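Coordinate inspection notes
Each chain is listed here by its residues.
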Amino acid sequence: MKKHIVLLPGDGIGPEVIAQARKVLRVVEKKFGLSVDTEDALIGGAAIDATGEPLPPATLEACKKADAVILGAVGGPKWDKAPKRPEAGLLGIRKALNLFANLRPAVVFPELAELSALKKKTVERGIDILVVRELTGDVYFGQPAGEETKDGIRHAFNTMSYNEEEVRRIARVAFSAASSRRGRVCSVDKSNVLHVSRLWRSVVEETHRDYPDVALSHMYVDNCAMQLVLNPSQFDVILTGNLFGDILSDEAAAIAGSLGMLPSASLSDAAKGGGIGLFEPVHGSAPDIAGQDRANPIAAVLSLSMMLRMSFGQEEAATAVENAVHAVLRAGVRTADITGPDWKGEIAGCAKTGDLIAERI
Ligand code: IPM
Ligand code: MG
């Protein structure tokens, strides 16, 4: 297998964690006889500093030609007041590559169960949720959007909007994911208030007719936020729109106790198993610890493993990466974010954690 991927380290801890993913990739290549060449490109604040643009045309061109993309993180206080925001780079690449399907698994790592913010008895029932978030529509991209001043009063507005095709294609992704998991989809909306959600719900129901083996339920987003804390084990696949998915996927990750551990995939036609994929840690750029070798590289390394499996069909290599991560977690060496108050082992930096994972491949 010969592939070409683009690495987008981005901002904050992005470059540190991507360096570890690269390290692990080199070992995987040797061990499994793969050939994956990498090309680095700029995105986010780093790209603004170098070119004035959060998504330079050269980056987009490189990504379009690649077999897959791995991204670190974007954003940081340095650009909070900049005329162009780093986040625009991420939103731009999602839209330009048509990455409408965002898959965010939230699982409790057995080695880390005690780190969940939830009660032990709640976590013991098991948490293994896949959030399927629509990523290229909704209030994130709806027009009109902007700011204006009328009669001396400032006013800002966004438009929440979905068409039925956008809903149908993400619903298909969720149903097919559920059929190879525990066979349940919970579609999350706010159809007691929003027109957009009423369309969402009816299109999800229509699409469901093609997936008789999957059980479908619906939940309002406020209730879902509560149920995630009270009884997360009830969920298999959560299907939702862009804004609700942004919020619920962070919540799901936090209840799993492992924001620094979770990868994600953004795909353009995942239901057909094709299209370009962008893989990134769910955590952000963590500017407070950037450049200090304190970041947890596991989410980035698991993003690599997700890429190997989903984009390249390299199941064996992907599993080897995951097993190496679990072996390191059991070995008594961890980055600070995943050591609880009772931790007696060694606290390791980002680079050392990457080395340990690479050694165990
Ligand atoms: C995420 C992030 C982004 C989003 C930001 C950085 C634009 O929070 O990937 O969840 O809102 O989608
Ligand atoms: Mg988010």
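The rules we used
- Residues numbered from 1 in each chain as written.
- Chains lettered and ligands numbered in written order.
- Predicted model: local features only at pLDDT ≥ 70, side-chain atom pairs only at ≥ 80, totals over all residues.
- Heavy atoms only, no water.
- Helix = DSSP H or I, 4+ residues; strand = E, 2+ residues; numbered from the N terminus.
- Rg over C-alpha atoms; globule rule 2.2 N^0.38 Å.
- Contact = heavy atoms within 4.5 Å.
- Areas by Shrake-Rupley, 256 points an atom, 1.4 Å probe, with all protein chains shown as cover.
- Lys, Arg positive; Asp, Glu negative; His and termini not counted.
- Charge placed at Lys NZ, Arg CZ, Asp CG, Glu CD.
- Core = buried A, V, L, I, M, F, W, Y, C linked by side-chain atoms within 4.5 Å.
- Buried < 20%, exposed > 50% of the residue type's maximum accessible area, 1.4 Å probe, protein only.
- Domains from an automatic or database assignment.
- Near = heavy atom within 4 Å.
- Polar contact = N/O pair within 3.5 Å; in protein donor to acceptor, adjacent residues only side chain to side chain.
- Nonpolar A, V, L, I, M, F, W, Y, C, P; charged D, E, K, R; others polar.
- Salt bridge = Lys/Arg side-chain N within 4 Å of Asp/Glu carboxyl O.
- Buried area = accessible area lost by both parts, 1.4 Å probe.
- Phe/Tyr/Trp six-rings, centres within 6.5 Å; stacked < 30°, edge-to-face > 60°.
- Lys NZ or Arg CZ within 6 Å of the ring centre and 35° of its normal.

**A few points about the overall build of the protein chain**
Of the regular secondary structure elements, the protein chain holds 12 helices and 14 strands. Here the C-alpha atoms of the protein chain give a radius of gyration of 20 Å, agreeing with the 21 Å that 2.2 N^0.38 yields for 361 residues. Here the C-alpha coordinates of the protein chain stretch approximately 55 × 50 × 45 Å along the principal axes. Contacts in the protein chain between residues at least 24 apart in sequence constitute 75% of all its contacts with a sequence separation of at least 6. Total accessible area on the protein chain is roughly 15,500 Å²; 53% of this is exposed by carbon and sulfur atoms. When the 41 positive and 46 negative side-chain charges of the protein chain are each reduced to one mean point, those points stand 2 Å apart.

**A few points about the nonpolar core**
Residues Ile5, Val24, Val132, Leu228, Leu239, Met307 and Leu308 are the most contacted members of the largest nonpolar core, which totals 84 residues. Top element by residues in this core is helix α6 (residues 164-179). It accounts for 8 residues. When we break this core down by domain, the ones giving at least three residues each are domain 1 (1-101 + 265-361) and domain 2 (117-255). Apart from the residues lying within four places of it in its own chain, the contact partners of leucine 228 are Leu118, Ile129, Phe235, Ile238, Leu248, Glu251, Ala252 and Ile255.

**Regarding the site of ligand 1**
Neighbouring ligand 1 are Glu87, Leu90, Arg94, Arg104, Arg133, Tyr140 and Asp246. For ligand 1, an oxygen atom lies 2.8 Å from a polar atom in the side chain of arginine 104. One of the side-chain nitrogen or oxygen atoms of aspartate 246 is found 2.9 Å away from an oxygen atom of ligand 1. Summarising the interface, the protein chains cover 76% of the accessible area of ligand 1, which totals 320 Å² for the free molecule. Among the elements that make up the shell around ligand 1, the one with the highest residue count is helix α4 (residues 87-96) (3 residues). Within the shell around ligand 1, the residues separate by chemical class into 2 nonpolar, no polar and 5 charged. Shared between two domains, the shell around ligand 1 takes at least three residues from each, and those domains are domain 1 (1-101 + 265-361) and domain 2 (117-255).

**A few points about the pattern of salt bridges**
Under the defined criterion, the tally for this structure stands at 25 salt bridges. We note a salt bridge from arginine 182 to aspartate 236, for which the minimum N-O separation is 3.8 Å. Taken as a pair, arginine 182 in the loop between α6 and β8 (184-189) and aspartate 236 in the loop between α8 (221-230) and β10 (237-240) lie far apart in primary sequence, 54 residues in all. Classification of arginine 182 by relative accessible area gives partly exposed; the value is 39%. Of the residues examined, aspartate 236 reaches a relative accessible area of 2% and is grouped as buried. One network of salt bridges, in which partners are shared, links Asp128, Arg181, Arg182 and Asp236.

**Here we look at the domain arrangement of the protein chain**
Assigned domains of the protein chain: these are domain 1 (1-101 + 265-361) and domain 2 (117-255). On the side of domain 2, 10 residues touch domain 1, which itself brings 11 residues to the contact. The largest contributions to the domain 1 side of the interface with domain 2 come from Arg94, Lys95 and Phe100, which together make up 50% of the buried area. On inspection of domain 1 and its partner domain 2, the count reaches 0 salt bridges. Scanning the region where domain 1 abuts domain 2 turns up 2 residue pairs in polar contact (both at pLDDT 80 or more). With 3 residues, α4 is the single largest residue contributor to the side of domain 1 that touches domain 2.

**Concerning unusual backbone geometry**
Between glutamine 143 and the following residue, proline 144, the backbone shows a cis peptide bond with an omega angle of 0°. Unlike most non-glycine residues, asparagine 98 shows phi in positive territory, near 55°. Position of asparagine 98 among the secondary structure elements: in the loop between α4 and β4 (101-107). A residue is classified by how much of its surface remains accessible, and asparagine 98, at 35% relative accessible area, is partly exposed. Despite not being glycine, alanine 286 shows a phi value in the positive range, around 40°. With respect to the helices and strands, the residue alanine 286 is situated in the loop between β12 (274-281) and α10 (298-310). Among the residues examined, alanine 286 registers a relative accessible area of 24% and is labelled partly exposed.

**Some points on the packing of aromatic side chains**
Taken as a whole and judged by the stated rule, the model has 2 aromatic pairs. The interplanar angle of 50° and the centroid separation of 5.3 Å between the aromatic rings of tyrosine 162 and tryptophan 200 together place this pair among those described as tilted. Of the two residues, tyrosine 162 sits in the loop between β7 (153-157) and α6 while tryptophan 200 sits in helix α7 (residues 195-208), which places them 38 residues apart along the sequence. In this pair, the class of tyrosine 162 matches that of tryptophan 200, namely buried. Between phenylalanine 175 and tyrosine 211, the aromatic rings sit 5.1 Å apart at their centres with planes inclined by 25°, giving stacked as the arrangement. Taken together, the residues span a long stretch of sequence, with phenylalanine 175 in helix α6 and tyrosine 211 in the loop between α7 and β9 (215-220) at a distance of 36 residues. Neither residue differs from the other here; phenylalanine 175 and tyrosine 211 are each classed as buried. Of note, lysine 95 hangs over the ring of phenylalanine 141, and the distance from its end group to the ring centre comes to 4.7 Å. One Lys or Arg, arginine 169, reaches over the ring of phenylalanine 100 and ends 4.1 Å from the middle of that ring.

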